[in-house]
2 protein chains.
Amino acid sequence: MNISALIAALRAALGSERVRDDAETLAIYSHDDTPGSCAPVMVLFPRSHEEVQAIVSIAHRHHLPLVPRGAGSGNVGGAQPVPGSAVISFECMQRILDYSAADRVITVEAGCVTGAINAHVQADGLMYPPDPGSSPYCRIGGNLAMNAGGPHALKYGVTRDYVLSLRAVTGTGETLCCGVRTSKGVVGYDLVRLLVGSEGTLALITEATLRLLPAPAAKATLRAAYRHTASACAAVQRIMAQRHIPSALELMDPHALAAVRAMGAAGDLPADSNALLMVEVDGEACAIPDQVQAIRTALAGAGHLETLEATDATATAALWTARKALSPATKAMAPLKINEDVVVPVSRLCDLLDGIEDIATEHSLRIVSFGHAGNGNLHVNFLVHPQDADEMRRARHGLQKLFQTVLTLGGTLSGEHGIGRSKRAYVPLELSPESLAIQHAIKRVFDPDHILNPGKLFPED
Amino acid sequence: MNISALIAALRAALGSERVRDDAETLAIYSHDDTPGSCAPVMVLFPRSHEEVQAIVSIAHRHHLPLVPRGAGSGNVGGAQPVPGSAVISFECMQRILDYSAADRVITVEAGCVTGAINAHVQADGLMYPPDPGSSPYCRIGGNLAMNAGGPHALKYGVTRDYVLSLRAVTGTGETLCCGVRTSKGVVGYDLVRLLVGSEGTLALITEATLRLLPAPAAKATLRAAYRHTASACAAVQRIMAQRHIPSALELMDPHALAAVRAMGAAGDLPADSNALLMVEVDGEACAIPDQVQAIRTALAGAGHLETLEATDATATAALWTARKALSPATKAMAPLKINEDVVVPVSRLCDLLDGIEDIATEHSLRIVSFGHAGNGNLHVNFLVHPQDADEMRRARHGLQKLFQTVLTLGGTLSGEHGIGRSKRAYVPLELSPESLAIQHAIKRVFDPDHILNPGKLFPED
């Protein structure tokens, strides 16, 4: 069946306004928040599980590759179309299907905006903890596909830890319901967590039942400045060695601070500071002072310059100024930011930052690092000019070296962004041939014709 | 190859003392803590991952079914041999292979006693939270196979939530390493959580890296007595609707209290009490009084008779007397206890207990229920005489009705015990044919010749 006939068949199933192939729509959906683009042959806008199932059934019969898309805010090209593929956007599936404050569960469609879940449950004193930076606009389906994290993962865990059950459509167009609506359940294999983080390659998740937690009553934010990276890393280790797990523990390296200074957004930082920690603690109001005191003690040490503290919203926002300025600051530094997302054990964080310094020197690269230090999860940004072939070659060597360093330190290539298109060449550095063979075989179980998000997650054949 | 030749081959690989086929050994390993037994043809005692791999390679070549066994403390027959099988006991693999207090991770062999992990990390103020009742003697490999829970799962989660990486041997004798040693990681499919809870049917787990948490500084225990089940269930709902998640919230129904009274272990309970709640809260010492006050408020209400509180060890033990007497008390009531482990949403707990009452009346059965009320996870014990054919028939009908009730209430057949041999006939009540077909196909990926723990987890063909 040619593309026109396929479009006609899909229009017959969904209605013509749900199947778009005009140039403007194809252009909009040709990329996500990652360099690179590829126009799809059509964009589909299902409104329900049943419509997704209808799409996959037709796609399966006619070998049409499907690329699932939430908000397109991913940065590993997970929602980037491949040639001849249809994008299936979940933006018209935003309903909250069920909510029980008593049972602390909510069932939502895959296109529901993550922040909207929190907005919905807030009045009952509840929260959905995972909070990727894109929470205000990203969609839960994308979070589920990538097992999204965020700063609060340190205390609260990641997307995987909050999914009770899923409704999905496999690559053969079959409906798969898995998981439970209860807080415990051990019947059969854990298909829920197999689908979470599978980047849309096993099944298209249409609905999810999520676990909620009581929102903390109070929080406090601390910002500590250090003379050197090493002294900030030592403080991270001291914090993670005491009993109070912060709700967030973020680090900015000297290059991140320099970038922010260049933007004029670090005016209140000590002039000799070269590394910054942001710490957030939360809990009952009565428990905050003890936590703050313990964190202050851990923050102090060789190379520590100052600690500032905030509890009200205005002062807290002021403390986050430098950190919030970082994204625009790095964007201003170079046309392309290659954003890696590596993790090492907390005890090796300083070794990782030393290794990154060596890579920058050896390969003459500008690298800005910051991120979720309490998890040992750093966002390592290579700032490059795509037109500069020599710099791009050096960046490729530097990336390879970065991944080798991370694995030597007992770490992993990605903590929360996933593999997508961007990192799949590096997967064999981390996963054994045996593990990859099993993952390929699992892929064939769910999607024998390889129509779900092809060209993602797995290394190229 | 006949059994004698197989034994010879395995002795050549492992040493003769690692392969036992004497009558006494076969008898000991013919059952776990579940009614029913079947003698294996041999019992194997590997001392390392490599020896497990050697065993599976030989077993794979010669189609020898392998039944993995931790401490044999499971109660769904998960470690029960099948005819012609070899038991592979992990009791000689108890080493702690690696431990980092700084990174809060520990790597242990599968035969490590769960309680020993806690003993090892206690001096550093750390804990491994999952605590099935069998913690003092069960082995972590069994906990991983069944995704074990325990009372503290309410606040801290289950085994699955603490596993970072696994080393295992698939049914073809291949080594599979999966997961990370870091607190985050999203590279590839989540094979770790696919193996956890797979009841030894996909791969034999030999080593596990587990996440640790800081141990709470203080705790308090409350015991509340109620006139009726309904009033206790209402209190459970009130507790689970306020902000402080207890570290444990256990319920005993009227029949459980009657059993304990018959043992003389409920002397200090109000005479008119027919349901009991045990609540434990933990955290920083300064946060305990607020938590206790909030729980006390939630405990009070219609039908509430009294609340007692304990913080020191002696008083706490006294409060637990009735609950601790329950297991021997039910054992004294009938020769056989059919112990189910169902879960419903907390908001439906009272409906479940009403349903159980109806089943007991309708089918003239003695049923004692207690368990992890905060998770909606009840242990429902049918007390029967195996020689009484009519009672056993009524019990089968009652079980079927129980499972139907649980599923109608939005629940699941097992919260922490698993399926094993005992419950597999009921699995199709909960899992769809599509889900089961996918699970069978995953089984074939890991264990194409079906030699790993046959006759478990899946419904009979």
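- By the naming in an unreviewed UniProt entry, chain A goes by FAD-binding protein and is assigned to Acidithiobacillus ferrianus.
- Its UniProt record gives chain A the following Sequence similarities (unreviewed entry) comment, quoted word for word: "Belongs to the FAD-binding oxidoreductase/transferase type 4 family."
- UniProt, in the comment section headed Cofactor (unreviewed entry), describes chain A in these words: "FAD".

### Here we look at the interface of chain B and chain A
Then, number 1: Taken residue by residue, the interface counts 79 residues in chain B and 79 residues in chain A.
Then, number 2: Surface buried jointly by chain B and chain A totals about 6,200 Å² across both partners, of which 61% is contributed by carbon and sulfur atoms.
Then, number 3: Counting across the chain B and chain A interface gives six salt bridges.
Then, number 4: A salt bridge links Lys184 of chain B to Glu416 of chain A; the shortest N-O distance between them is 2.7 Å.
Then, number 5: Here chain B is connected to chain A by 24 residue pairs in polar contact (both at pLDDT 80 or more).
Then, number 6: Going through the elements one at a time, strand E9 (175-179), helix H7 (191-195), strand E11 (213-214), helix H8 (229-241) and helix H17 (433-446) of chain B are the ones with two or more residues in the side of chain B that touches chain A.
Then, number 7: Across the side of chain B that touches chain A, the residue classes tally to 36 nonpolar, 27 polar and 16 charged.

### A look at the sheet that holds strand E9 (residues 175-179) of chain A
Residues and elements named next belong to chain A.
Then, number 1: Spatial ordering of the open sheet is given by E5-E6-E10-E8-E9, a layout of five strands whose pairing is antiparallel. Two strands close off the open sheet at either side, each with one partner strand: strand E5 (96-100) and E9. Across the sheet, the mean angle separating the axes of adjacent strands is 15° when strand polarity is ignored.
Then, number 2: In this structure, strand E8 (residues 163-170) lies alongside E9, joined through five bridges in antiparallel fashion. Bridging from a neighbouring strand, Leu166 pairs with Cys178 of E9.

### Things to note about the packing of aromatic side chains
Then, number 1: A complete count under the given rule lists eight aromatic pairs over all chains for this structure.
Then, number 2: Note on Phe458 of chain A and Tyr189 of chain B: the rings are 5.5 Å apart at their centroids and 90° apart in plane angle, and the pair reads as edge-to-face. In this pair, Phe458 of chain A is assigned in the segment after helix H17 (433-446) and Tyr189 of chain B in the loop between E9 and H7, connecting two distinct chains. Both residues of the pair, Phe458 of chain A and Tyr189 of chain B, count as buried.
Then, number 3: For the ring pair Tyr128 of chain B and Tyr162 of chain B, a centre distance of 6.1 Å and an interplane angle of 80° mean the geometry is edge-to-face.

What counts, and where the lines are drawn
Residues numbered from 1 in each chain as written. Chains lettered and ligands numbered in written order. Predicted model: local features only at pLDDT ≥ 70, side-chain atom pairs only at ≥ 80, totals over all residues. Heavy atoms only, no water. UniProt positions renumbered as here; feature names shortened; annotations may be inferred. Contact = heavy atoms within 4.5 Å. Buried area = accessible area lost by both parts, 1.4 Å probe. Salt bridge = Lys/Arg side-chain N within 4 Å of Asp/Glu carboxyl O. Polar contact = N/O pair within 3.5 Å; in protein donor to acceptor, adjacent residues only side chain to side chain. Helix = DSSP H or I, 4+ residues; strand = E, 2+ residues; numbered from the N terminus. Nonpolar A, V, L, I, M, F, W, Y, C, P; charged D, E, K, R; others polar. Pairing = 2+ DSSP bridges. Axes fitted to C-alpha atoms, helices over the stretch in contact; angles between N-to-C directions. Phe/Tyr/Trp six-rings, centres within 6.5 Å; stacked < 30°, edge-to-face > 60°. Buried < 20%, exposed > 50% of the residue type's maximum accessible area, 1.4 Å probe, protein only.

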